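Observations on the three-dimensional arrangement
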Amino acid sequence: MMGTQIIMRRELASYFTTPLAYIFIVIFLMMSGVFTFYLGRFFERGQADLISFFNFIPWLYLILVPAIAMRLWSEERKSGTIELLMTLPITVVQAVLGKFLAAWLFIGVALMLTFPVWVTVNYLGEPDNGVILASYLGSWLMAGGFLAIGSCVSAATKSQVVAFILTLVICFVFVAAGFPMVLDAFTEWAPLWLIDGISSLSFLTHFDAVSRGVIDLRDLLYFLIMTVCWLTATTIVINIKKAD
């Protein structure tokens, strides 16, 4: 546990020693504002809620989370510092958890900095803050799932560009699996259990449920299992490629 904390603190501090963190946060906040107030037609809708903000958040994550995840392990492998990291008195699991938690906390900080949007909605009307809080929780859990996928992909390649593209593609597949257009392609020939199974794999299906303010244990378990499985895969990949 101590090893995880040491890695997490080191990684979290490293985010704020480079311009990357500040660029990420500025872009995230700017795009959140554009999606919410401009593309989401916040003022034209005349409703005091953050539906437009949370409708766009999965698509925002598709670009920005892979950008954070791509450097988790690819950079270490390319520069050779992963060998130094592995000589420290920590396990691979602790290193994987430490790096993941630092990146997840960093995204959590960026998400918290969108609070002016919440303040604006409360100033203009009387939104259901319980639903908004649940939506924020769902957003952070979904970011964790994206990040865990990116961690595994980053561990498998020395190229940050390749890690970014592959993470984006895999995350898109897990988002698009819940689209009606995708599910309609199976409706004509596939049994219902298969269609439900494909739909249940989608981040969007579970995020939509949480963002309606209904926190179901099945949705929380989905995010937990996705994150744990991909982090376990990260550990396996690092152990296999340790000698590369």
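Everything numeric here is computed off the predicted structure, so don't read it as measured data.

When its secondary structure is counted, the protein shows 14 helices and zero strands. Relative to its length of 244 residues, the protein is compact, with a C-alpha radius of gyration of 19 Å against a globular reference of 18 Å. Taken along the three principal axes of its C-alpha coordinates, the protein extends 55 × 50 × 30 Å. Counting every position in the protein, which comprises 244 residues, the buried fraction comes to 45%. Taken as a whole, the protein presents about 12,400 Å² of accessible surface, with 73% of it coming from carbon and sulfur.

Tracing the backbone through its elements, the reader meets valine 117 in helix α8 (residues 115-124). In this structure, the C-alpha to C-alpha distance between valine 117 and tryptophan 104, residues 13 residues apart in sequence, is 21 Å. Valine 117 has contacts with Thr36, Phe37 and Leu50, leaving out every residue within four places of it along the chain.

Now for helix α10 (residues 160-176). With 17 residues, α10 should cover 24 Å at 1.5 Å per step; its first-to-last C-alpha distance of 24 Å lies within 8% of that length. Inspection of α10 places Ala163, Thr167, Cys171, Phe174, Val175 and Ala176 among the buried residues, and these make up the whole buried set. Those residues of α10 that are buried lie in contact with α4 (51-69), α5 (74-79), α9 (129-156), α11 (180-187), α13 (203-211) and α14 (217-241).

Once that is clear, we can look at the UniProt feature "transmembrane region" (unreviewed entry) in the protein. Sequence positions flagged by UniProt for "transmembrane region" (unreviewed entry) are, in local numbering, residues 12-38, 50-73, 85-118, 130-149, 161-183 and 220-240. In residues 12-38, helix accounts for 89% and strand for 0%; the two terminal C-alpha atoms are 33 Å from one another. What you have in residues 85-118 is 82% helix and 0% strand, and the ends, taken at the C-alpha atoms, are 41 Å apart.

With that settled, consider a nonpolar patch on the surface. Taken together, Phe16, Tyr22, Leu29, Val109, Leu113, Phe115, Trp118 and Val119 make up a surface patch of nonpolar side chains, about 670 Å² in accessible area. Of the residues forming the nonpolar patch, the biggest block, three residues, is contributed by α8. With respect to the helices and strands, the residue phenylalanine 115 is situated in helix α8.

The next point concerns the packing of aromatic side chains. In this structure the tally under the stated criterion is 20 aromatic pairs. Aromatic pair phenylalanine 174 and tryptophan 230: ring centres 6.4 Å apart, planes at 90°, arrangement edge-to-face. Linking phenylalanine 174 in helix α10 with tryptophan 230 in helix α14, this pair joins segments that are 56 residues apart in sequence. As far as burial versus exposure is concerned, phenylalanine 174 and tryptophan 230 are alike and both buried. Between lysine 99 and the ring centre of tryptophan 73, over which it is positioned, the NZ or CZ distance is 5.0 Å.

Moving on to the side chain of glutamate 11. By the element assignment, glutamate 11 lies in helix α1 (residues 2-15). With a relative accessible area of 5%, glutamate 11 lands in the buried category. Other than its neighbours up to four places away in sequence, glutamate 11 contacts Arg71, Glu76, Lys99 and Ala102.

If you look at the biggest cluster of nonpolar residues, it comprises 65 residues, and the most contacted ones within it are Phe28, Ile57, Tyr61, Trp73, Phe146, Leu147 and Phe203. With 13 residues, α9 is the single largest residue contributor to this core. Dropping the residues within four chain positions of it, phenylalanine 203 is found in contact with Met142, Gly145, Phe146, Ile149, Phe174, Val175, Tyr222, Phe223 and Met226. With five residues, the next largest nonpolar core counts Ala177, Leu183, Ala190 and Ile198 among its residues.

It is worth spelling out the packing of helix α2 (residues 19-39) against α4 at this point. At a minimum axis separation of 9 Å, α2 and α4 run at an interaxial angle of 155°. Of the possible angle classes, the one that applies to α2 and α4 is roughly antiparallel. With respect to the hand of their crossing, α2 and α4 are arranged in right-handed fashion. Note on element contacts: α4 touches α2 through Ser52, Phe53, Phe56, Ile57, Leu60, Tyr61, Leu64 and Ile68, opposite Phe24, Ile27, Phe28, Met31, Ser32, Phe35, Thr36 and Leu39.

Within the element layout of this structure, asparagine 239 appears in helix α14. Considered as a pair, asparagine 239 and valine 92 are 147 residues apart in the sequence and their alpha carbons are 7.6 Å apart.

Take the pattern of salt bridges next. According to the stated counting rule, one finds three salt bridges in the structure shown. Connected through salt bridges with shared partners, the residues Arg10, Glu11 and Lys99 form a single ionic network.

Criteria and thresholds
Every chain is numbered independently, its residues counted from 1 as its sequence is written. Totals for whole chains, interfaces and linings use every residue, but because this is a predicted model, local features are given only for residues with pLDDT of at least 70 and side-chain atom pairs only at 80 or more, for both listing and counting. The side-chain numbers reported here are obtained from all heavy atoms of the structure, hydrogens and water having been left aside. Numbering of helices and strands starts at the N terminus; helices are DSSP runs of H or I of at least 4 residues and strands are runs of E of at least 2. C-alpha atoms define the radius of gyration in this analysis, and the globule rule sets the expected value at 2.2 Å times the number of residues to the power 0.38. Relative accessibility thresholds used throughout: buried, under 20% of the residue-type maximum; exposed, over 50%; partly exposed, between the two (1.4 Å probe, protein chains only). The method behind every accessible area is Shrake-Rupley, applied with a 1.4 Å probe, and residues are considered shielded solely by the protein chains displayed. Contacts are assigned to residue pairs with any non-hydrogen atoms lying within 4.5 Å of each other. Between the first and last residue of a helix there are one fewer steps than residues, each counted as 1.5 Å, and that sum is the expected span. UniProt positions are given in the numbering used here, feature names are shortened, and annotations may be inferred rather than shown by experiment. Patch membership requires over 30% relative accessible area and the absence of a salt bridge. Like charges are linked within 9 Å, and nonpolar side chains (Val, Leu, Ile, Met, Phe, Trp, Tyr) within 5 Å. The rule for a salt bridge is simple: a side-chain nitrogen of Lys or Arg has to be within 4 Å of a carboxyl oxygen of Asp or Glu. Aromatic rings from Phe, Tyr and Trp, with only the six-membered ring used for Trp, were paired whenever their centres fell within 6.5 Å, and each pair was classed as stacked if the ring planes differed by under 30 degrees, edge-to-face if by over 60, and tilted otherwise. Two conditions define a charge located above a ring, namely a distance within 6 Å from the ring centre to NZ of Lys or CZ of Arg, and an angle within 35 degrees of the ring normal. Here, nonpolar core refers to any group of buried Ala, Val, Leu, Ile, Met, Phe, Trp, Tyr and Cys residues whose side-chain atoms link them within 4.5 Å. Here an angle of 0 to 180 degrees is reported between the N-to-C directions of two axes, which are lines fitted to C-alpha atoms, with helices fitted over the stretch in contact. What sets the label is the angle itself: under 35 degrees gives roughly parallel, over 145 gives roughly antiparallel, 65 to 115 gives roughly perpendicular, and the rest give oblique. Crossing chirality is assigned from the near helix's rotation relative to the far helix, an anticlockwise turn below a right angle marking it left-handed and a clockwise turn marking it right-handed.

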